[in-house]
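# Structural overview
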Amino acid sequence: MRMKEDYMKNGQLKPGYNVQISTNNQYIVNYSHHPNPTDYNTFPSHMEQFSKLYNHLPPAVVADAGYGSEENYALMEKFGVDAYLKYNYFDKEQHKDKSKIIIDLYYNAEQDCYYCQMGQKMRYIGTREKKSDNGFVQKYKNYQAIRCEGCPLRGGCNQQMENRKLSVNLSLKDYKSKATELLKSEKGLYYRSKRGVDVEPVFGNIKYNKGFRRFLLKGIDRTEIETGLLALAHNLAKRAK
Ligand code: SF4
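Parameters and conventions
- Residues numbered from 1 in each chain as written.
- Predicted model: local features only at pLDDT ≥ 70, side-chain atom pairs only at ≥ 80, totals over all residues.
- Heavy atoms only, no water.
- Helix = DSSP H or I, 4+ residues; strand = E, 2+ residues; numbered from the N terminus.
- Rg over C-alpha atoms; globule rule 2.2 N^0.38 Å.
- Buried < 20%, exposed > 50% of the residue type's maximum accessible area, 1.4 Å probe, protein only.
- Contact = heavy atoms within 4.5 Å.
- Areas by Shrake-Rupley, 256 points an atom, 1.4 Å probe, with all protein chains shown as cover.
- Lys, Arg positive; Asp, Glu negative; His and termini not counted.
- Charge placed at Lys NZ, Arg CZ, Asp CG, Glu CD.
- Polar contact = N/O pair within 3.5 Å; in protein donor to acceptor, adjacent residues only side chain to side chain.
- Domains from an automatic or database assignment.
- Buried area = accessible area lost by both parts, 1.4 Å probe.
- Salt bridge = Lys/Arg side-chain N within 4 Å of Asp/Glu carboxyl O.
- Axes fitted to C-alpha atoms, helices over the stretch in contact; angles between N-to-C directions.
- Parallel < 35°, antiparallel > 145°, perpendicular 65-115°, else oblique.
- Nonpolar A, V, L, I, M, F, W, Y, C, P; charged D, E, K, R; others polar.
- Near = heavy atom within 4 Å.
- Pairing = 2+ DSSP bridges.

A separate point is the overall build of the protein chain. When you go through the protein chain residue by residue, the secondary structure sums to eight helices and nine strands. Over its C-alpha trace the protein chain gives a radius of gyration of 22 Å, far above what one expects of a compact globule, namely 18 Å for 241 residues. With respect to the three principal axes, the spread of C-alpha positions in the protein chain is 70 × 45 × 35 Å. The buried share of the protein chain, reckoned over its 241 residues, is 32%. Of the contacts made within the protein chain by residues no fewer than 6 positions apart, 47% connect residues no fewer than 24 positions apart. When the accessible area of the protein chain is evaluated, it comes to approximately 16300 Å², of which 53% is carbon and sulfur surface. Positive and negative charge centroids in the protein chain, built from 39 and 27 side chains respectively, lie 4 Å apart.

Set out below in structure tokens:
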């Protein structure tokens, strides 16, 4: 994988695992290793492992912006877990300059079409499917304006030769607005303030206080034993204090 520590500054690939942990009041309650660097892809199997360990899922799960994907929202909805998962750009959206907000195009659900800034209909032209590494299928609906030629807004709106196209994942859009509602609720604000002081100090303790920055063994089975021992030591030391 490509590591954050890139001393050669050349994106060198190094052997490693993406280590995921879940905490509750700074106790490690679950950990898993993954051979891929994208956090959102690790979430389903990490949660599945949690469910196997405790025979249930937690009532709520809180995570940062690396985890808010359609697949993860759908999974948590299926199991009735409140997903306080930020999506990419959630923070940016909260702090954006109101004068620079891009106007959302108007969607007509009955006719399944959009209307552009000039009031022109953008009709549905087909659906594209995209499969995630975990096999989850996302559906993107495509729309296209009928005639952009001669439009006074063309320079800022559509620089393509053809009429403007739009690709929308309506299901993700829906999940994002539900997530925004949760994240901005009183409970959401509480959880968001707690996340940083719950899980981050645990990584800090293991990596910086204990100086554990490299596995001693090779292979997922063996390195997971190392993380298990670290988690035990961490939890026992915390309990003793
Ligand atoms: S360029 Fe096309 S899509 Fe954009 S505002 Fe003009 S007509 Fe609408």
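Assignment of secondary structure puts N18 in strand β1 (residues 18-24). A polar atom in the side chain of N18 sits 2.9 Å from the side chain of Q20. Setting aside anything within four residues of it in sequence, one finds N18 in contact with M1, S32, H33, H34, N36, P37, T38, D39 and T42.

Let us now look at the domain arrangement of the protein chain. Assigned domains within the protein chain: domain 1 (18-94 + 177-240) and domain 2 (101-169). Distance from the C-alpha centre of domain 1 to the C-alpha centre of domain 2: 35 Å. Domain 1 puts five residues into the contact, and the matching count from domain 2 is six residues. Regarding the contact of domain 1 and domain 2, the summed buried area is about 500 Å², with carbon and sulfur atoms giving 40% of it. Three residues, N41, E70 and E71, lead the burial of domain 1 against domain 2; their summed loss comes to 92% of the area buried on that side. Along the contact surface separating domain 1 from domain 2 lie zero salt bridges. Where domain 1 meets domain 2, there are six residue pairs in polar contact (both at pLDDT 80 or more). With three residues, the top contributor of residues to the side of domain 1 that touches domain 2 is helix α2 (residues 70-78).

Contact pair helix α6 (residues 186-198) / helix α7 (residues 200-209): the axes reach a minimum separation of 4 Å and the direction vectors enclose 10°. Classified by the angle their axes make, α6 and α7 are roughly parallel. Here α6 contributes R195, G196, V197 and D198 to the contact with α7, which in turn contributes E200, P201 and V202. The class makeup of the residues in the contact of α6 with α7 is three nonpolar, one polar and three charged.

Moving on, we get to the site of the ligand. Around the ligand sit C116, M118, Q120, A145, R147, C148, C151, R154, C157 and R164, and those are all the residues in its vicinity. In terms of residue class, the shell around the ligand is built from six nonpolar, one polar and three charged.

Right, let's talk about the pairing of β1 for a bit. Where burial is concerned, most of β1 is hidden: five out of the seven residues are buried. Bridge count for β1 against strand β2 (residues 27-34) is seven bridges, and the pairing is antiparallel. Note that in β2 the partner of N24 across the bridge is Y27. The hairpin turn running from β1 into β2, its antiparallel successor, is two residues long, and N25 in that turn takes a positive phi close to 55°.

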